[in-house]
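# Structural features, examined
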Amino acid sequence: MDFRSIAHRYSTLLTPNSQTLARAVHAHILTSGFRPSPYILNRLIAVYCKSSNIRYARRVFDKIPQPDIVARTTLLAAYSSAGDVKLAKQVFRATPMSMRDTVSYNAMITAYSHGRDGHAAVWLFVEMKRKGFFPDSFSFSSVLGALSMIADEEKHCKQLHCEVVKCGVGNVTSVLNSLISCYVNCASSPLVSSSLVMGSARKLFDEMHERDELSWTTMIAGYVRSDDLGAARKLLDGMTEKIACAWNAMISGYVQHGFYNAAFELFRKMHLMGIQLDEYTYTSMISAASNAGFYKCGRQVHAYILRTEAQPSEHFILSVHNSLITFYTKCGKVVQAREIFNKMPVKDLVSWNAILSGFVNARCIEEANSIFKEMPERNLLTWTVMVSGLAQNGFGEEALKLFNQMRLEGLEPCDYSYAGAIMSCAVLGSLDNGKQIHSQVVRLGHDSSLSASNALITMYARCGLVESAYTVFLTMPYVDSISWNAMIAALAQHGRGVEAIQLYEQMLKEDILPDRITFLTILSACSHAGLVKEGRHYFDSMSACYDITPGEDHYARLIDLLCRAGLFSEAKNVTDSMPFESGAPIWEALLTGCRIHGNFELGIQAAERLFELMPQHDGTYIILSNMYATLGQWDEVARVRKLMRDRGVKKEPGCSWIEVENMVHVFLVDDAVHPEVQAVYKYLEQLVHEMRKLGYVPDTKFVLHDMESEHKEHALSAHSEKLAVVYGIMKLPLGATIRIFKNLRICGDCHNAFKFISKVVGREIVVRDRKRFHHFKNGQCSCGNYW
């Protein structure tokens, strides 16, 4: 066979669709000794590039002594498509200026654009013109795409707009689409008037001779991004073509801005008009149902998908099913979400993160842990979800361990990850760890993050340093409603009700609207400080001023406030006026108030009701036992205890802990386990002796058992909070504040004892119990005995 026939044979085999034959033909060329022409080599490079075998294409390219502009541009375009800007730039810079042409410049501009380097793309376009190359429509489409990433002033768009007109491509639809996109993206810049820039985009759009799908969709999406939903809808309604992308952009806009009913209305209209529904339509509608809590509507969309999508693509399955997992978990249907997840033929990291987040948000931590361990891969979001979930559900120690493990595996935490770690310290009351993480946050520049700073407010407050929490709040570059709520809650927890109210009023002056969480915090502040008049006012203002319907939790806070003040008649009127039947939180508030004021008749009624609603809750049995013990009705105490045993209810053992030199020391009631507990008991005896000189008398009514007085006093001395405080006095430097934490409410005798201890040792003692903080100093408590 002669040379011409061989060359023809090779060129015939190397067609654009001959990827499977390329390597075989290449091998045959190498083994046969045939010297292919540049044309055949260029064809071979093109086939390799099209089949994504750029490595083989580069090998062929490197064997060519003097590759021509076709070979160079083909390889350059392949690197551009693959997003490898470095190698694309290498090929382009090695191309002699005499060999370059508009096509090679276009390929390099496109490479910069794909690599999100808008500045480099624009500068190369300028160089291209300066070197005498005439840009074509592809040049402008590429450089405008790059400019849309960086343009933050309208003049940037207008400069290239003028070039488009001067070069005679002002009627090319693809160029005009890119130019419109440039104006639309520029409209998001804080340096411009969004309406004016969108006006320029609209003028260009209206003057177009031909509009395609991209033209309509870009304009509608632009109006949506500029928060001008009215203009977007007006444009959509004036559209005669049935363009699904444009409708999807409008629906997505409604969902993003919270207009869920409008989104469903448009969805129904889209269906009636016969416009093709796709995965983007469905994901928007599922998201709308998820965010609005429209469970029935979401189920209907799901059913419609199952009925109409017989052979969905892999991309359809992934995007729609991932949205469905989020929908069902947000609606509290984790079982259904898990069923969808298990049946998915393909899963990606988004699928795993969605199901993990669902179980974390549903407080199913054991199942979430299991999913986390099963995951084939994890990213920063995975770890952050798990760390935050553990912290929010009370597993502070596990959350901190996971946070440290994440860092050991080489992942650099983001501000949300740090927020989760900080919340873990808040849960544990680990001030030293919290301070260390705070310093890391500052060093890495995350202190400007809302999530991290809000977590720091809560952490310092829950570790007893309300002033440090306030410092964080005051030094934040900007704050949101969560920041205000966190700071108000911090003041409320520490019994500083008047200051909490002042901060709330300041919040209103700064035009921050309160939400339902704000009212929970301010009502708690009033309750802890006995501010009855103020509490009534804020409760009434919820619906009257802010159109917020009080929930059971708000009513419970109001009733708690009234009962603590002894206003049982008014509390009864409130319960009778509620638009729903009294639940457990209401009866708990009544029971607590009855215990404080000795309203035994109503207290017993509340306890009996709670036995029906929460038969496994140990607190009800304990409070009722306390009340009977106060009356000296030991038979009734025994009856309640028996009822507790018969129902299998176990009293949560009281425990207290204190952090000393980065170690947490835990003490139990009547502790005999801690290695230094005997020294603690001995020192406590000495303290009690000194306290008695100042007038301290153990309050034995807080001992529930019918025993001799001296035995009751011994039982009181074994309370876990006393042991933790004494250990702190023994181990912490002279004058250091003693900070302890307890899993239950502090008992009345311990509360009284700590006032005397603070005076005897001349130290401040801070106690965080289940409900609030107590700051003991110079024989006084911050709560003013109102707790």
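Residues numbered from 1 in each chain as written. Predicted model: local features only at pLDDT ≥ 70, side-chain atom pairs only at ≥ 80, totals over all residues. Heavy atoms only, no water.

### A word on the nonpolar core
Applied cut-off: Joining through side-chain atoms within 4.5 Å is the link that ties buried Ala, Val, Leu, Ile, Met, Phe, Trp, Tyr and Cys residues into a set, and such a set is a nonpolar core. Each residue is placed in one exposure class: buried if its accessible area under a 1.4 Å probe, protein chains only, is under 20% of its type's maximum, exposed if it is over 50%, and partly exposed if it falls in between. By definition in these notes, contact holds between two residues if any of their heavy atoms fall within 4.5 Å.
The biggest cluster of nonpolar side chains holds 211 residues, and the ones touching the most others in it are F140, L144, Y282, L356, M459, M487 and L590. Discounting residues that sit within four places of it in the chain, L356 has contacts with A368, I371, F372, M375, T382, V385 and M386. Membership of the second largest hydrophobic core comes to 32 residues, among which are V677, L684, L723 and C783.

### Re the side chain of E721
Here is the rule we go by: For the purposes of this entry, the term helix denotes a DSSP run of H or I that reaches at least four residues, the term strand denotes a run of E that reaches at least two, and both are numbered from the N terminus. Polar contacts, as counted here, are pairs of nitrogen or oxygen atoms within 3.5 Å of one another; within protein the pair requires one atom able to donate a hydrogen and one able to accept it, and residues that are adjacent in sequence qualify only if both atoms are side-chain atoms.
Relative to the assigned elements, E721 resides in helix α41 (residues 720-731). By relative accessible area, which is 0% here, E721 ends up buried. Among the polar contacts listed, one links the side chain of E721 to the side chain of K742, at a separation of 2.8 Å. The contact partners of E721, leaving out residues within four places of it in the chain, are S656, I740, K742, I746, C747, C750 and F754.

### Observations concerning the pattern of salt bridges
Here is the rule: In what follows, salt bridge is the name for a side-chain nitrogen of Lys or Arg lying within 4 Å of a carboxyl oxygen of Asp or Glu.
By the definition in use, this model includes 28 salt bridges. With a closest N to O distance of 2.8 Å, K731 and E676 form a salt bridge. With a gap of 55 residues between them, K731 in helix α41 and E676 in the loop between β2 (663-668) and α39 (677-693) connect regions that are remote in the sequence. One salt bridge connects K693 with E690, and the closest N-O pair in it is separated by 3.5 Å. On the criterion of helical spacing, the pair formed by K693 and E690 is a turn pair, its members being three residues apart in helix α39. By relative accessible area, K693 is classed as exposed at 57%. For E690, a relative accessible area of 35% translates into the label partly exposed. Taken together, the shared-partner salt bridges connect R93, R100 and E127 into one network.

### Some thoughts on the UniProt feature "repeat: PPR" (unreviewed entry) in the protein chain
As a reminder of what qualifies: UniProt positions are given in the numbering used here, feature names are shortened, and annotations may be inferred rather than shown by experiment.
The UniProt entry lists residues 101-135, 212-242, 243-277, 348-378, 379-413 and 480-514 under the feature "repeat: PPR" (unreviewed entry), expressed in the numbering used here. The straight-line gap between the two end C-alpha atoms of residues 243-277 is 10 Å; of that span, 74% is helix and 0% is strand. As a span, residues 348-378 carries 74% helix and 0% strand, and end to end its C-alpha atoms are 11 Å apart.

### Some words on the packing of helix α16 (residues 260-272) against helix α17 (residues 279-292)
Note the cut-off: Structural elements are reduced to axes, namely lines fitted to C-alpha atoms, with helices fitted over the stretch in contact, and the angle between N-to-C directions of any two is expressed from 0 to 180 degrees. Orientation labels follow simple angle bins: below 35 degrees gives roughly parallel, above 145 gives roughly antiparallel, 65 to 115 gives roughly perpendicular, and whatever is left gives oblique. The sense of a crossing depends on the near helix, which, turned anticlockwise from the far helix by less than a right angle, makes the crossing left-handed and, turned clockwise, makes it right-handed. Just so you know the grouping, Ala, Val, Leu, Ile, Met, Phe, Trp, Tyr, Cys and Pro go in nonpolar, Asp, Glu, Lys and Arg go in charged, and all remaining residues, Gly too, go in polar.
Look at α16 against α17: their axes get within 10 Å of each other, and the N-to-C directions meet at 150°. The angle between α16 and α17 places the two elements in the roughly antiparallel class. The element α16 and its partner α17 pack so that their crossing is left-handed. Contacts from Y260, A263, F264, F267 and M270 in α16 reach T281, Y282, M285, A288, A289, N291 and A292 in α17. Classifying every residue of the contact of α16 with α17 by side-chain character gives ten nonpolar, two polar and no charged.

### A few points about unusual backbone geometry
In this structure, R116 is a non-glycine residue whose phi angle is positive, near 65°. Tracing the backbone shows R116 in the loop between α7 (102-114) and α8 (118-130). Residue classification places R116 among the exposed residues on the basis of a relative accessible area of 65%. Phi is positive for D511, which is not a glycine, with a value near 65°. When you line up the elements, D511 lands in the loop between α30 (497-509) and α31 (516-529). On the basis of relative accessible area, D511 is assigned to the exposed category, the value being 69%.

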